[in-house]
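The lines below spell out each chain.
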Amino acid sequence: MREPIRPDYEQDRNFATTLARGLSVLRAFRAGDDGLSNAEIAERTRLPKSTVSRLTFTLGCLGYLTQPQRNGLYRPGPTLLAMGHVAAASLSFLDPAEEMMQALADETGTLVLFAVRDRDKLALVRTWRPANVASIWLEVGHRLPIGASSSGLAVLGATTMAEFSGLMADHPEPCPDGRPLSDLRREGHGQLIAQGYAVIGHELRHSANISAVSVPFRSSRMAGPAAFTCGAQDEALPDRAIHQTVGPRLQQAVRQLQRMMGQPATPAWAASPSE
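Residues numbered from 1 in each chain as written. Predicted model: local features only at pLDDT ≥ 70, side-chain atom pairs only at ≥ 80, totals over all residues. Heavy atoms only, no water.

All right, on to the overall build of the protein chain then. Secondary structure summary: the protein chain contains nine helices and seven strands in total. For 275 residues, the compact-globule formula gives about 19 Å, and the C-alpha radius of gyration of the protein chain, at 19 Å, lands near that figure. If you take every contact in the protein chain between residues at least 6 apart in sequence, the share linking residues at least 24 apart comes to 61%. Positive and negative side-chain charges in the protein chain, numbering 28 and 27 respectively, have mean positions lying 5 Å apart. (Helix = DSSP H or I, 4+ residues; strand = E, 2+ residues; numbered from the N terminus. Rg over C-alpha atoms; globule rule 2.2 N^0.38 Å. Contact = heavy atoms within 4.5 Å. Lys, Arg positive; Asp, Glu negative; His and termini not counted. Charge placed at Lys NZ, Arg CZ, Asp CG, Glu CD.)

So, about the sheet that holds strand β4 (residues 121–128). With antiparallel pairing, the five strands of this open sheet are ordered in space as β5-β4-β3-β7-β6. For this open sheet the edge positions go to β5 (143–145) and β6 (210–217), each flanked by a neighbour on one side alone. Averaged over neighbouring strand pairs, the angle between their axes works out to 35° when direction is ignored. Bridge count for β6 against strand β7 (residues 226–233) is eight bridges, and the pairing is antiparallel. Bridge pairing in β7 places Ala212 opposite Gly231. (Pairing = 2+ DSSP bridges. Axes fitted to C-alpha atoms, helices over the stretch in contact; angles between N-to-C directions.)

Attention shifts here to the nonpolar core. Counting 30 residues, the largest nonpolar core has Met101, Phe114 and Phe228 as the members making the most contacts within it. Top element by residues in this core is helix α9 (residues 239–260). It accounts for seven residues. Sequence-distant contacts of Phe114, defined by excluding residues within four places in its chain, comprise Phe93, Leu94, Ala123, Leu124, Val125, Arg126, Trp128, Phe217, Met222, Ala226, Ala227 and Phe228. Membership of the second largest hydrophobic core comes to 25 residues, among which are Leu122, Leu144, Met168 and Ala198. (Core = buried A, V, L, I, M, F, W, Y, C linked by side-chain atoms within 4.5 Å. Buried < 20%, exposed > 50% of the residue type's maximum accessible area, 1.4 Å probe, protein only.)

A complete count under the given rule lists four aromatic pairs for this structure. Ring geometry for Phe217 and Phe228: centres 5.6 Å apart, planes at 80°, overall edge-to-face. Residue Phe217 is located in strand β6, and its partner Phe228 is located in strand β7; the two are separated by eleven residues in the primary sequence. The same class applies to Phe217 as to Phe228, namely buried. By the ring-pair criterion, three or more aromatic residues cluster together here, those being Phe114, Trp128, Phe217 and Phe228. The ring of Phe164 has Arg185 lying over it, and the distance from NZ or CZ to the ring centre is 5.4 Å. (Phe/Tyr/Trp six-rings, centres within 6.5 Å; stacked < 30°, edge-to-face > 60°. Lys NZ or Arg CZ within 6 Å of the ring centre and 35° of its normal.)

Let's shift gears to the packing of helix α6 (residues 150–158) against helix α8 (residues 181–195). Between α6 and α8, the least distance of the axes is 7 Å, while the angle of their chain directions is 85°. Viewed along their axes, α6 and α8 adopt a mutual orientation that is roughly perpendicular. Touching Leu153, Ala154, Leu156, Gly157 and Ala158 of α6 are Leu181, Leu184, Arg185, Gly188, His189, Gln191 and Leu192, all from α8. Along the lines of polarity and charge, the residues of the contact of α6 with α8 split into seven nonpolar, four polar and one charged. (Parallel < 35°, antiparallel > 145°, perpendicular 65-115°, else oblique. Nonpolar A, V, L, I, M, F, W, Y, C, P; charged D, E, K, R; others polar.)

Secondary-structure assignment places Thr159 in the loop between α6 and α7 (161–168). A polar side-chain atom of Thr159 sits 2.7 Å from the main-chain carbonyl oxygen of Leu156. With sequence-adjacent residues up to four places away left out, Thr159 is seen in contact with Phe164, Arg185, Arg218 and Pro225. (Polar contact = N/O pair within 3.5 Å; in protein donor to acceptor, adjacent residues only side chain to side chain.)

Geometric values such as these leave the question of function open.
Written as structure tokens, this is what we have:
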């Protein structure tokens, strides 16, 4: 299969570079941050500090950022928070998933998460921690590499050719072993066809001691596939448990959610990776 042509939208005359840079400043914030300085934002966005200073000033004037203590640290402002609530409403299918995914977390002793593509990575938008069990800790907003996580493998395996072309336009990092993401996409698709879930190889994992299994999910409210994932420390989630219980149980839960949403319980991936 030929590598898809990547659209280079940054060279398009309609592309607003200043707007893109301002949005990259907003994307630099993570759930665990207690405010960011211009220098920290510049480091995360790889933009010149002078550019960041102008952008944070403008975003502050418009309410997207705030400096509550005037100590040079910026935090998300009320306008951005309001927009976040509007965006969250578009993922209304997560509300009926709440009880089901929490039960799955408790039953399997794993952290269950839902991740969507955020340009070159996947961003966590909901997590469910198992009750009374020590588990891995990932916060909403945490970003996973597409080429080095089971969530990314599931999303890759479910992408159409057009969606994959759009993904490559965001220049995601290659796999840790240097193979192209098109090869990993074919591997992910093969796993989904064979077993209904995806598991990244040990040699590719960005967290060496974390095991995970993922199932892609599609909704008419999203532009492409997302992923539900169960993850835990290796000793709590060995390969045998993934394939005998957790993977099939996760697949069952995702299919049940599809039925609850009135969607056909068909796989989120195409019959052929060339589609």
